[in-house]
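Tertiary structure, described
Here are the chains, one letter per residue:
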Amino acid sequence: MSWIWRLEDTSGAVVTGPESPAHGNQSDAESWLGEQWRELSEAGVAQATLLNDGAVVYGPMSLSE
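The sections below set out a description of the structure shown in this document. Computed from a predicted structure; not experimentally measured.

Here we come to unusual backbone geometry. Omega for the bond connecting G59 with P60 falls within 30 degrees of zero, at 10°, which places this linkage in the cis form. Position of P60 among the secondary structure elements: in strand 3 (residues 55-62). Phi at D53 takes a positive value of approximately 50°, unusual for a residue other than glycine. Mapped onto the elements of the fold, D53 is located in the loop between strand 2 (47-52) and strand 3.

Spatially, the three strands line up as an open sheet ordered 1-2-3, and their pairing is antiparallel. The outermost strands of the open sheet, each flanked by one partner alone, are strand 1 (3-8) and strand 3. The mean inter-strand angle of the sheet, taken between neighbouring strand axes irrespective of direction, is 20°. Its contacts with the sheet place helix 1 (residues 26-42) against strand 1, strand 2 and strand 3, and it is angled at close to 25° to strand 1.

Cut-offs and rules
Sequence order as written defines the numbering, with residues in each chain counted from 1. Local features in this predicted model are restricted to residues whose pLDDT is 70 or higher, and side-chain atom pairs enter the listing and the counts only when it is 80 or higher, whereas totals over whole chains, interfaces and linings include all residues. Excluded from the side-chain calculations are hydrogens and water; all other atoms, namely the structure's heavy atoms, are used. Secondary structure counts use DSSP, requiring at least four H or I residues in a row for a helix and at least two E residues in a row for a strand, with both numbered from the N terminus. In this description, strands pair whenever DSSP reports at least two bridges between them. Lines are fitted to the C-alpha atoms to define the axes, a helix being fitted only along its stretch in contact, and any angle between axes, read from their N-to-C directions, falls within 0 to 180 degrees. Any pair of residues with heavy atoms lying within 4.5 Å of one another is described as a contacting pair.

Structural measurements only, silent on function.
Written out as structure tokens, the structure is:
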């Protein structure tokens, strides 16, 4: 299983630039986003959707404070 975040702008389009690394489980993916959301937001990411092997698990989730 591969857990990644699809990083999106406000319209839901995938952003170019920062990318989510692949994670082995949901908990690691969520921890990564929790640690990185401020930097991602500053880089133009407005929201993120969690994917597991390409299938949407949940989201989009806003990265605004």
